[in-house]
Amino acid sequence: MKISVIGTGYVGLPTGVGLAELGHDVICIDKDESKIKTLQSGQVTLFEEGLPALFKKNVESGKIRFSGSFQEGIENADVVILAVGTPPDPVTKEADLKYIFAAAEELAQYLNDYTVVAVKSTVPVGTGDKVEALIRQKNPTADFDVISVPEFLREGYAVQDFFHPDRIVIGSNSQRAQKVMHELYRYFEGKTEILYVSRYSSETIKYASNAFLAVKIHYINEMADFCEKTGADIREVAKGMGLDKRIGNRFLNAGPGYGGSCFPKDTMAMACMARKAGVNLSLIENVIEKNAARKKQMAHRILEQVKDIQDPKIAVWGLAFKEGTDDCRESPALEIVQELIAKGAKITGYDPKASENARKILGNQISYAADMYEAARGADVLAVLTEWPEFKKADLDKLSSLMRSQKIVDCRNMLNSNEAFEKGFDYSCIGQTFKTVS
Ligand code: NAD
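Please read all numbers here as calculations on a predicted model, not as lab measurements. By convention here, each chain's residues receive numbers from 1 onward along its written sequence. The predicted origin of the model limits local features to residues at a pLDDT of at least 70 and limits the giving and counting of side-chain atom pairs to 80 or more, whereas totals for whole chains, interfaces and linings rest on all residues. Side-chain metrics rest on all non-hydrogen atoms present in the structure, leaving aside hydrogens and water.

Caption draft 1: Just the overall build of the protein chain, in detail. Secondary structure elements are taken from DSSP: a helix is a run of H or I of four residues or more, a strand is a run of E of two residues or more, and numbering for both begins at the N terminus. Looking only at helices and strands, the protein chain has 18 helices and 14 strands in total. By the compact-globule yardstick of 22 Å for 438 residues, the protein chain fits well, its C-alpha radius of gyration being 23 Å. The dimensions of the protein chain, computed from C-alpha atoms along their principal axes, are 80 × 50 × 40 Å. For the exposure calls, accessible area comes from a 1.4 Å probe over protein chains only, and a residue counts as buried if that area is under 20% of its type's maximum, exposed if over 50%, partly exposed in between. Within the protein chain, buried positions represent 54% of all 438 residues. Working rule for contacts: check all heavy atoms of both residues, and any pair within 4.5 Å makes them a contact. The contacts in the protein chain between residues at least 6 apart in sequence include a share of 74% that link residues at least 24 apart. For the protein chain, the computed accessible surface area is about 20,100 Å², with 50% contributed by carbon and sulfur atoms. Counting rule applied: Lys, Arg positive; Asp, Glu negative; His and chain ends not counted. The location of each charge is read from NZ of Lys, CZ of Arg, CG of Asp or CD of Glu. Here the protein chain contributes 55 positively and 60 negatively charged side chains, and the mean placements of these two sets differ by 1 Å. Radius of gyration here uses only the C-alpha atoms, and the compact-globule reference equals 2.2 Å multiplied by the residue count raised to the power 0.38. Areas reported as accessible are Shrake-Rupley estimates using a 1.4 Å probe. Residue values count occlusion only from the protein chains shown.

Given below as structure tokens:
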């Protein structure tokens with residue numbers, strides 16, 4: 001099949017490459033000329049495990065191409081997938097649909113044969129109606145269906161999630177469109193549940209899922225606060241909870257609060273939609289507020305460790321919003337760092353993949369180290385803010401010899417607390433209290 005993917009970001013690029021690997025002819029279109037140039041030169045524009053090899057293979061076989069031209073991409077496509085961003089409006093916090101509408105308007109003129117326009121971006125309920133109306137207005141004779149195909153991939157696992165999704169949701173009542181999507185996703189038949197629902201339900205499933213996961217993360221964070229006051233250990237509690245299949249063991253890692261390009265914006269958009277619909281989503285509203293406050297609390301914990309030191313130096317391990325990605329959008333690590341900067345701390349950060357993107361946000365307000373030990377050199381406290389596996393394997397003797405004061409605030413529960421104490425660190429983490437060592 002001929003597939004056009006509009007938007008080559010964290011969703012569009014792995015989706016395009018994945019579909020090419022399944023044998024489809026894919027063309028990815030983006031408005032960002034520098035991205036298209038980089039992709040055309042054979043380089044991947046973002047960090048995602050396993051993507052470069054698959055990208056290279058499909059570029060070389062000619063199954064995937066990149067272009068800045070809608071005309072080139074849309075004409076003759078069987079399916080046009082919209083994967084552009086839907087960031088929060090800075091004032092209202094609703095999903096800003098300007099990129100969706102701009103893409104829909106532009107693609108409309110190039111539709112010729114019957115085409116399925118599949119909205120993969122996360123969009124509020126009813127957006128499909130608006131996209132359909134817009135295309136119809138621009139091109140009254142076009143033969144098309146607009147459907148909703150929400151994306152559920154996790155950054156850092158995008159390739160794995162493309163080939164092994166928990167489910168594929170297709171929101172459309174058009175049998176013609178369903179038939180086309182059935183063909184597109186033939187590979188997944190018998191491997192993955194393919195759920196056909198209405199467009200409204202499909203749009204809602206995405207928000208309802210992300211809001212649920214955000215609530216789950218916040219729940220375990222509140223349990224961690226409880227454990228800190230009562231002497232229980234959140235890791236043991238989470239393990240005991242997660243063994244219950246009704247609960248499941250994922251998203252039960254206590255930490256500094258959720259972040260990233262999805263959960264913060266999607267919970268806010270969900271709350272906005274509900275308010276407009278006259279529905280009180282008090283749980284989600286509360287989680288949004290408490291999750292934002294949590295990052296400030298984490299910064300406070302770190303600052304407490306250096307409150308008696310003049311011009312403290314803080315080392316930060318991890319700048320990306322999670323491990324396995326270079327994405328720093330709404331990263332809890334960066335929000336915490338910004339709090340620390342505001343309090344006058346001198347910071348050296350290290351991230352295995354995200355320093356470049358962090359620099360685009362923080363500029364030269366912090367220093368960037370080439371490795372985790374360099375970041376810790378001369379530091380009064382080390383804050384662990386992203387769960388990169390390499391932090392787990394840190395050589396604590398080496399760390400101790402490099403730091404000015406042996407203090408660690410481990411906001412991701414990455415290090416071995418017993419070992420940290422043995423090596424003489426003043427170590428604190430999330431959801432556990434330790435007897436003070438002298
Ligand atoms: P992104 O910002 O990484 O990529 C969006 C791309 O769209 C950019 O390259 C941008 O240049 C391009 N673009 C914008 N307007 C365009 C236009 N008119 N024509 C062509 N290209 C255009 O965004 P993302 O993280 O890939 O997210 C895309 C959508 O998928 C969002 O709605 C997001 O909520 C949703 N989503 C994201 C994830 C994730 O993990 N990132 C997961 C599930 C769903």
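There's more to say after this.
Caption draft 2: Region of the structure containing the packing of aromatic side chains. Working definition: rings of Phe, Tyr and Trp (its six-membered ring) pair if their centres are within 6.5 Å, and the pair is stacked with planes under 30 degrees apart, edge-to-face with planes over 60 apart, and tilted otherwise. Within this structure, the stated rule accounts for eleven aromatic pairs. Each ring, one from F162 and one from F163, has its centre 4.9 Å from the other, and the planes form 80 degrees; the classification is edge-to-face. Comparing F162 with F163 shows no difference in burial state: the two are buried. Between F163 and Y187, the ring centres sit 6.3 Å apart and the planes meet at 85 degrees, which makes this aromatic pair edge-to-face. Of this pair, F163 sits in helix 7 (residues 158-163) while Y187 sits in the loop between helix 8 (175-184) and strand 8 (193-197), and the two are 24 residues apart along the sequence. On the basis of relative accessible area, F163 is assigned to the buried category, the value being 16%.

Caption draft 3: Structural detail: the state of the cysteines. Disulfide: a pair of cysteine sulfur atoms within 2.5 Å of each other. If you walk through the whole model with that rule in mind, you get zero disulfides. Not part of a disulfide, C227 finds its nearest cysteine sulfur in C429, a span of 11 Å. Its sulfur unpaired, C328 is 15 Å from the next cysteine sulfur, which belongs to C262. The buried category is assigned to C328, whose relative accessible area is 3%.

Caption draft 4: View of the domain arrangement of the protein chain. Boundaries of every domain are those given by an automatic assignment or by a domain database. Per the domain assignment, the segments of the protein chain are domain 1 (2-197) and domain 2 (199-438). Residue-level contacts link 37 residues of domain 1 with 30 residues of domain 2. Buried area between domain 1 and domain 2, summed over both chains or domains, comes out near 2,700 Å², and the portion from carbon and sulfur atoms is 54%. The salt bridge definition used is simple: a Lys or Arg side-chain nitrogen within 4 Å of an Asp or Glu carboxyl oxygen. One salt bridge connects R199 with E132, and the closest N-O pair in it is separated by 2.8 Å. Contacts described as polar in this section are N or O atom pairs within 3.5 Å, which, within protein, must combine one atom able to donate a hydrogen with one able to accept it, while residues neighboring in sequence count only if both atoms come from side chains. Our count for the domain 1 to domain 2 interface comes out at 17 residue pairs in polar contact (both at pLDDT 80 or more). Elements that contribute at least two residues to the side of domain 1 that touches domain 2 include exactly helix 6 (127-138), strand 6 (144-148), strand 7 (167-171) and strand 8. Here the buried area means the combined drop in accessible surface, using a 1.4 Å probe, for two parts upon being joined, counting both sides.

Caption draft 5: How the structure looks around helix 8. All of the buried residues in helix 8 are A177, V180, M181 and L184. The buried residues of helix 8 occupy an angular sector of 95 degrees when projected down its axis, which confines them to one face. Residues of helix 8 that are exposed and point more than 90 degrees away from the buried face comprise Q175 and K179. To be clear, the arc concerns the directions from the helix axis to the C-beta atoms.

Caption draft 6: Structural detail: the site of the ligand. Any residue with at least one heavy atom within 4 Å of a molecule or strand is counted as near it. What surrounds the ligand is a group of 27 residues, the closest being D30, K35, T86, E155 and K265. At a separation of 2.8 Å, an oxygen atom of the ligand approaches a polar backbone atom of V11. The side chain of T86 places a nitrogen or oxygen atom 2.6 Å from an oxygen atom of the ligand. When isolated, the ligand has an accessible area of 840 Å², and the protein chains bury 90% of it. Along the lines of polarity and charge, the residues of the shell around the ligand split into ten nonpolar, eight polar and nine charged. When we break the shell around the ligand down by domain, the ones giving at least three residues each are domain 1 (2-197) and domain 2 (199-438). Nonpolar residues are Ala, Val, Leu, Ile, Met, Phe, Trp, Tyr, Cys and Pro. Charged residues are Asp, Glu, Lys and Arg, and all others, Gly as well, are polar.

Caption draft 7: Seen up close, the pattern of salt bridges. Scanning all chains against the criterion turns up 28 salt bridges. Measuring nitrogen to oxygen at the nearest pair gives 3.6 Å for the salt bridge that ties K295 to E335. Pair noted here: K295 is in helix 12 (residues 282-304) and E335 is in helix 13 (residues 332-342), with a separation of 40 residues, a long-range link. By relative accessible area, which is 5% here, K295 ends up buried. Note on E335: relative accessible area 26%, which makes it partly exposed.

Caption draft 8: The pairing of strand 6, seen in detail. The buried fraction of strand 6 amounts to four of the five residues, a majority that puts the element mostly inside the structure. Handedness rule for crossovers: strands pointing away from the viewer, path from the first strand over the helix to the second running clockwise, crossover right-handed. Between strand 5 (residues 115-119) and its parallel partner strand 6, the chain crosses via helix 6, and the hand of that crossover is right-handed.

Caption draft 9: How the structure looks around the environment of I361. Along the chain, I361 turns up in helix 14 (residues 355-362). Every residue in contact with I361, bar those within four places of it in the chain, is listed here: C328, L334 and Q338.

Caption draft 10: The arrangement of the sheet that holds strand 11 (residues 367-368) in detail. Taken in spatial order, the six strands make up an open sheet running 11-10-9-12-13-14, and their pairing is parallel. In the strand order of this sheet, the two ends are held by strand 11 and strand 14 (426-429), each with one partner. Summarising the sheet, strand 9 (residues 313-317) and strand 10 (residues 346-350) pair through five bridges and their orientation is parallel. If you follow W317 over to strand 10, its bridge partner there is Y350. At least two DSSP bridges between two strands are needed for those strands to be called paired.

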